[in-house]
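# Observations on chain architecture
Here is how the chains run, residue by residue.
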Amino acid sequence: MGKLIVSLSPHAHGTDSVEKNMYGVIIALIPALLVSLFYFGLGSAIVLATSVVACVFFEWAIAKFIMKRDNLSICDGSAILTGLLLGFNLPSNLPIWIIIVGALFAIGVGKMSFGGLGNNVFNPALLGRAFLLISFPAQMTSWPVAGQLTSYLDAETGATPLAIMKQAIKTGDASVLDQLPSATHLLLGSNPMGGLGTIGEVCALALLLGLVYMLWKKIITWHIPVSIIATVFVFSGLLHLANPVYADPFAEILTGGLMLGAIFMATDYVTSPMTAKGQLIYGVAIGFLTVVIRNWGSYPEGMSFAILIMNAFTPIINTYIKPKRFGEVPAKK
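To keep things clear, this report deals only with the structure shown in the data block. In this convention, every chain numbers its residues from 1, walking through the sequence in written order. For a predicted model such as this one, the threshold for reporting local features is a pLDDT of at least 70, and the threshold for listing and counting side-chain atom pairs is 80 or more; totals across whole chains, interfaces and linings nevertheless cover every residue. Excluding hydrogens and water, the side-chain values take into account all heavy atoms of the structure.

Below, the discussion takes up the overall build of the protein. Only DSSP runs of H or I reaching four residues or more are called helices, and only runs of E reaching two or more are called strands; each is numbered from the N terminus. On a plain count of helices and strands, the protein comes out with 15 helices and zero strands. Radius of gyration: C-alpha atoms only; globule rule: 2.2 Å multiplied by the number of residues to the exponent 0.38. Computed over the C-alpha atoms, the radius of gyration of the protein is 21 Å, within 12% of the 20 Å expected from 2.2 N^0.38 for a compact globule of 333 residues. We call a residue buried when its accessible area falls under 20% of the maximum for its residue type, exposed when it is over 50%, and partly exposed in between, using a 1.4 Å probe and counting protein chains only. Of all 333 residues assigned to the protein, the portion counted as buried reaches 52%. Here a residue-residue contact requires only that any non-hydrogen atoms of the pair lie within 4.5 Å. Relative to all contacts within the protein whose residues are 6 or more apart in sequence, the contacts with residues 24 or more apart total 74%. Per-residue and other accessible areas follow the Shrake-Rupley method at a 1.4 Å probe size, with only the shown protein chains counted as cover for residues. Of the accessible surface of the protein, which amounts to about 16200 Å², a share of 68% is contributed by carbon and sulfur atoms. The charged-residue count follows a simple rule in which Lys and Arg add positive charge and Asp and Glu add negative charge, with His and chain termini not counted at all. Charge placement uses NZ in Lys and CZ in Arg. For Asp and Glu, CG and CD serve respectively. One finds the centroid of the 18 positive side-chain charges in the protein at a distance of 17 Å from the centroid of its 15 negative side-chain charges.

Okay, structure coming up:
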């Protein structure tokens, strides 16, 4: 007689897998990748390739030689995705050695120190970016002007829309905002007046195409990206109505890393809440913190720090925001 093995639920298996979802997100990043190559050329290619190769190498090396794992996970797409997202959060003229340091921190500290994929508390790519921003502020806030396709370290730089918005707040002069590109320019990623920002944040339309693809493939749900964008739009709109020195809400949602963060970073499975209600709370909090940091913080951008802060609150949200169990009867007081 055969041995009866009883395992924990679920017993019905779906078609989802780590590999399928990771490579699905990578496919969704292709429009933004092509746009970055179009605007930054050689610089974008060097930064992204270095970031991906370094992240894959460090995950392999740490898993094999430090954690002594025989079942290596470098083919599941997570290290490639971390490398792409880290590269998307960097300027296109960042020196190679700084990129490698960021990749080591993202994988070694942000991911493998917690035990690898599925155990990390913070988004590894954002943790790597935050580390580099604090450690190398001058290099991390140098923004090349678009169109220098064969330039890398010697690329000409310029002020980004977020820097212009910050200057208007500091000086109290709303006329400074006249230097901002139009909403069409921001949507398409072109800035005739200066720098564009990090590699992956230059074109909101390309990122929105990625959102549509992931929603179509059911890789993510709408709750986190929509709640973040809506909160930023409403909160910044109220500030703009109260004082025109604050940028209008369309400029707020189309500039900086807001779209990249809301669509690809905040929706990370491991570091975001599990329930729909929890995701809405998480998204609203990220949107609120982003506007607060952008307008009153030291850095022009607040998206990365807002997501990392809420990553820390994800376990609490998961603890207190739970769906009602089937068949549960409320206890009588």
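That shown, we press on.
Note that patches include only residues with greater than 30% relative accessible area and no salt bridge, and the join distances are 9 Å for like charges and 5 Å for nonpolar side chains (Val, Leu, Ile, Met, Phe, Trp, Tyr). A carboxyl oxygen of Asp or Glu within 4 Å of a side-chain nitrogen of Lys or Arg is what we treat as a salt bridge. A cluster of nonpolar side chains, namely Phe 233, Val 234, Leu 238, Leu 241 and Phe 250, defines an oily patch on the protein surface of about 530 Å² accessible area. Broken down by element, the nonpolar patch gets its largest block of residues, four residues, from helix H11 (residues 223-242). Along the chain, the position of Phe 250 falls in helix H12 (residues 249-254). The exposure class of Phe 250 is partly exposed, given its relative accessible area of 48%.

All right, on to the packing of aromatic side chains then. Ring pairs shown here join Phe, Tyr and Trp side chains whose ring centres sit within 6.5 Å, with only the six-membered ring taken for Trp; geometry is labelled stacked below 30 degrees between planes, edge-to-face above 60, and tilted in between. On inspection of all chains with the given rule, the structure shows eleven aromatic pairs. Geometrically, the ring pair formed by Tyr 213 and Trp 216 is edge-to-face, given 6.0 Å between the ring centres and 70° between the ring planes. With Tyr 213 and Trp 216 both in helix H10 (residues 204-216), this residue pair falls three residues apart, about one helical turn. Classification of Tyr 213 as partly exposed rests on a relative accessible area of 22%. Classification of Trp 216 by relative accessible area gives exposed; the value is 61%. Put simply, the rings of Phe 57, Phe 58, Trp 60 and Phe 65 touch in pairs and so form one group of aromatic residues.

Joining through side-chain atoms within 4.5 Å is the link that ties buried Ala, Val, Leu, Ile, Met, Phe, Trp, Tyr and Cys residues into a set, and such a set is a nonpolar core. Leu 90, Met 214, Phe 264, Tyr 282, Ile 286 and Ile 307 are the most contacted members of the largest nonpolar core, which totals 89 residues. For this core, the element with the highest residue contribution is helix H3 (residues 42-66), accounting for eight residues. Here Phe 264 is in contact with Val 25, Ala 28, Leu 29, Leu 85, Leu 207, Gly 210, Met 214 and Met 259, once residues within four sequence places are set aside.

Below, the discussion takes up helix H5 (residues 96-109). Spanning 14 residues, H5 covers 19 Å between terminal C-alpha atoms, matching the ideal 20 Å at 1.5 Å per step. Among the residues making up H5, those that are buried are Ile 98, Ile 99, Gly 102, Ala 103, Ala 106, Ile 107 and Gly 108. Contacts from the buried residues of H5 go to H3, helix H4 (78-88), helix H6 (124-135) and helix H7 (137-140). Helices are assigned an expected span. That span is 1.5 Å times one less than the residue count.

This part is about the pattern of salt bridges. For the structure on display, the rule yields three salt bridges. In this structure, Arg 294 and Glu 252 form a salt bridge, with 2.9 Å as the shortest nitrogen-oxygen distance. Taken together, the residues Arg 294 in helix H14 (residues 276-296) and Glu 252 in helix H12 connect sequence positions 42 residues apart. For the pair Arg 294 and Glu 252, one class covers both residues: buried. Across the pair Glu 301 and Arg 294 runs a salt bridge whose closest N-O atoms are separated by 2.9 Å. The exposure classification of Glu 301 matches that of Arg 294, with both residues buried. One network of salt bridges, with partners in common, ties together Glu 252, Arg 294 and Glu 301.

By the secondary structure assignment, Ser 36 is in helix H2 (residues 30-40). Not counting chain neighbours up to four residues away, the residues in contact with Ser 36 comprise Gly 41, Ser 44, Leu 48 and Ile 199.

Bringing the environment of Leu 209 into the picture now. Along the chain, Leu 209 falls in helix H10. Taking relative accessible area as the criterion, Leu 209 reaches 48% and is therefore assigned partly exposed. Taking the C-alpha atoms as reference points, Leu 209 and Ala 28, separated by 181 residues in sequence, lie 7.5 Å from one another.

Coordinates in, geometry out; function isn't part of it.
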